[in-house]
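What follows is the residue order along each chain.
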Amino acid sequence: MDMDKNLDTYQEFVKGIWRDNPVFVQVLGMCPMLAVTNSAVNALVMGGATLFVLMGSSFLVAALKQWIPKQVRISLYIIIIATFVTVADYSLLAMLPGVHKELGAFIPLIVANCMILGRQEAFASRHGIRFAVMDAAGMSLGFVLALFSLGSIREILGNGSLFNIPLFGETFEPWVIMILPPGGFITLGLILLFFNWVAARKKAFLEQVAQAERESL
Amino acid sequence: MSRKDPDLLIQTTPVLRQGLTTPHAMRDVWLSLLPLVLAATWFFGIGALLLLSATIAGALMTEWVFTPEPRRRDVIRDQSGLLTGLLLGLTLPPGLPLWMAFLGGAAAIGLGKIIWGGLGNNLFNPALVGRAFLLGTFPIAMTTWSPAGGPGQLFEIQGSLFALPFQSPVYDAVSSATPLGLMKFEQQSTGLMRLMIGNTGGSLGETSGFLVLLGGLFLLLRRDFDWRIPAAIFASAALFSGLLHLVDPARYPGPLFTLFSGSLLFGAIYMATDPVTSPLSPRGAWIFGIGIGLLVVLIRNFGGLPEGVMYAILLMNAATPLIDRYTQPRVFGRKAGPG
Amino acid sequence: MNQRVELPTANQPSSTRLALSVALAGLISGIAIIGIYEATLPTITANKARQLREAVFKVLPGVSRMQQLGFVDGSLKPVDVPIEDLTLYGGYDNGGRFIGYAIPSDGPGFQDTIALLYGWLPREGRIVGMEILDSRETPGLGDKIYKDAVFVANFSALIPDPDIVTVKKGTRSAPNEVDAITGATISSKAVVRIINEGQARWRGKLPAPGQEPSLPDPAESPEAGPGSG
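Caption draft 1: Representation of the overall build of chain C in the model. Across its full length, chain C holds four helices and eight strands. Along chain C, helices and strands appear, N-terminal first, in the series α-β-β-β-β-β-β-α-α-β-β-α. Taking all 229 residues of chain C together, 31% fall into the buried category. Sequence separation of at least 24 residues holds for 53% of the intrachain contacts in chain C that already meet a minimum separation of 6.

Caption draft 2: How the structure looks around the overall build of chain B. Helix and strand counts for chain B come out as 14 helices and zero strands. In chain B, the succession of α and β elements from N to C terminus is α-α-α-α-α-α-α-α-α-α-α-α-α-α. Across the 339 residues that make up chain B, the buried fraction comes to 51%. Within chain B, contacts between residues at least 6 apart in sequence are counted, and of these 74% link residues at least 24 apart.

Caption draft 3: Region of interest: the interface of chain B and chain A. Contacts between the two partners involve nine residues from chain B and, on the opposite side, nine residues from chain A. When the residues that make up the side of chain B that touches chain A are grouped by side-chain class, the tally is five nonpolar, four polar and no charged.

Caption draft 4: Expanded view of the confidence of the model for chain B. Per-residue pLDDT for chain B has a mean of 82; in total, 87% of the residues score no lower than 70. Across residues 12-20 of chain B, where pLDDT falls below 50, the model places 17 contacts with residues more than four positions away in sequence or in other chains.

Caption draft 5: Spotlight on the interface of chain C and chain A. Between chain C and chain A, the contact holds 22 residues from the first and 21 residues from the second. When grouped by side-chain class, the residues that make up the side of chain C that touches chain A number 12 nonpolar, nine polar and one charged.

Caption draft 6: Region of interest: unusual backbone geometry. Its identity is not glycine, yet N164 of chain A carries a phi of approximately 65 degrees, on the positive side. You can call N164 of chain A exposed: it has 10 C-beta atoms within 10 Å. The backbone phi angle of F166 of chain B is positive, close to 70 degrees, even though this residue is not glycine. Examined against the element boundaries, F166 of chain B turns out to sit in the loop between helix 6 (126-137) and helix 7 (179-186). Since 17 C-beta atoms lie within 10 Å of it, F166 of chain B is described here as partly exposed.

Cut-offs used in this document
Residues numbered from 1 in each chain as written. Chains lettered and ligands numbered in written order. Predicted model: local features only at pLDDT ≥ 70, side-chain atom pairs only at ≥ 80, totals over all residues. Helix = DSSP H or I, 4+ residues; strand = E, 2+ residues; numbered from the N terminus. Buried ≥ 20, exposed ≤ 12 C-beta atoms within 10 Å, placed from the backbone. Contact = placed C-beta atoms within 7 Å. Nonpolar A, V, L, I, M, F, W, Y, C, P; charged D, E, K, R; others polar. pLDDT = per-residue confidence, 0-100.

Structure, rendered in structure tokens:
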């Protein structure tokens, strides 16, 4: 692939974790992000399932791209993604029935996570297998990181525990709202606020540096 | 539509909206709230003052932290953060731990005001946002009502106030039910006289119907708020509860009980009239108030909760931009209707 | 990058080819899904059966064997496929003697449907256990219907005659009363109502004491044998 020449494996991997984080920067995949992050375990299992689906789909799409006619490519991507989602759904039901019950309909709904289809259309279908898989791994790890940070904050405040290990003793007063949907919205909003604040600070700093360089010339 | 000043064109979106920032109006509000603070102390002991200080501290500290340096002094000086903290404190149960009250003050300013861009841009009444946050976060502590004491207990402070952060409160006395709770769960009414005086279970500043009305009357005489909003709330709450009362007097309380129980008076006079979050035009004010009264009656009688004033006002706050849009005086020379 | 311009109409694949590629993908996907379904089905069925068996043993102390019973043609018989609304589980001790019924029932809670199972000893007219199977009650409040051991213990000795009622916490005084959970009155009442509905549904349908369906020979029906879980 000609356009892969400019790419760097490491860069393609790390961009999804921070710079292009699917949740905090691209604001994709909001549905599972808000719905199932009321505990760290739920967040990790959801993230793991998404990682499996995204890496599998990106690999297949990149590997099969010359046989995928572009007129029907979206249908084919969805078939590929849905297959991986079904595999993840049944495997979780067999291996972790308790968590599967809590995640409920949100496992099948991974199909509708626009982050996954977006990576196929924007990246995997245009690049080689190695970069596609690296990109998928980075993006899904960024997604897992986001789910986990939201899930752990909500579990710590809403249940006084992390991974079901109590942190504040017997008489902890739970912040009930944190495990309910409004807590998801509030926490996510505050995290996005933080990311935007960091981005704004960084931009201001870089401008200052550029200014200083211009003046010194 | 006739307004006091016919030359003044009131428009919604492009003009700057401000809260009660003139010192004169602000002083009136403080004066009208003073009897409520004293009554709260009288009924619930000096712990009430600690609670009010905690919400105010939470509100002011949040305001301080999130305001950029050059504007800090102005923002603190305009007293609106102080007022938000005090109003929130007056709606809290008397035995609430101080750390929760502080958090509520912080949520009121942070989630109710700062994230909207500061005073004048917020869609919801900040004090009620703080209260809604507390009710959602600590539903048990926020609905545990310590009984009203008397002068003998003036200097007794309830132990539950001093629960450590993140820890559950331990209550000294058996909790008492509010008049609304008694009505909803035990079908037991409370006499009007007690509701007027205020020696019932309930939020700090809301139990005494007489004092709240007095404060409202004072603000009305000083023309500090739009009288139409409380008038519309009282009228519609009385009308709808009266209709229900006619259908089944045993199940649905009558208009007087509806008006004087819970936080209806306090909410109508101090929360719903917030100029930032209520409609501008007189017609809008009527619609706004009638909506609140209707929602209060619906929530109290058909909802899962005994009290609904807070959610009623917040819901109508959300409808305020829409009300403003449809009641905005028509620009001269344009045809009515769309297009 | 190559700057070769692609002509839009030049090498359009035929619609047959498009249809074929989608059909092929669907076929492969279907095979994969059947594969994973077949591979996980035994584990999933075993998990469900184990959960049910554990719940039945929990609500009926002393029971170590069970069978599914359905109300068919006017009487209670062992069934393989659950009968809508009229299925329950008979609980037997090691010697195959009948002990009681585990009765599933469901109804609206505060947030969503609550499904539960309760243990009923028809000979003594007593409820001896309750287990919530499925619920989405508010965490920290409504979920105490299964997290609060004190509340669950209410159901270990109840005589539902007349119907069970909830009373304010700490005021339980009669054998048909249940201490409600403070702050979750609606969820507590829902649990009691669901049990009362279960009792009403089965009233007159259960056989007279001594006539309960007996356990088939364990050799015939291995699933009803001693619990493996």
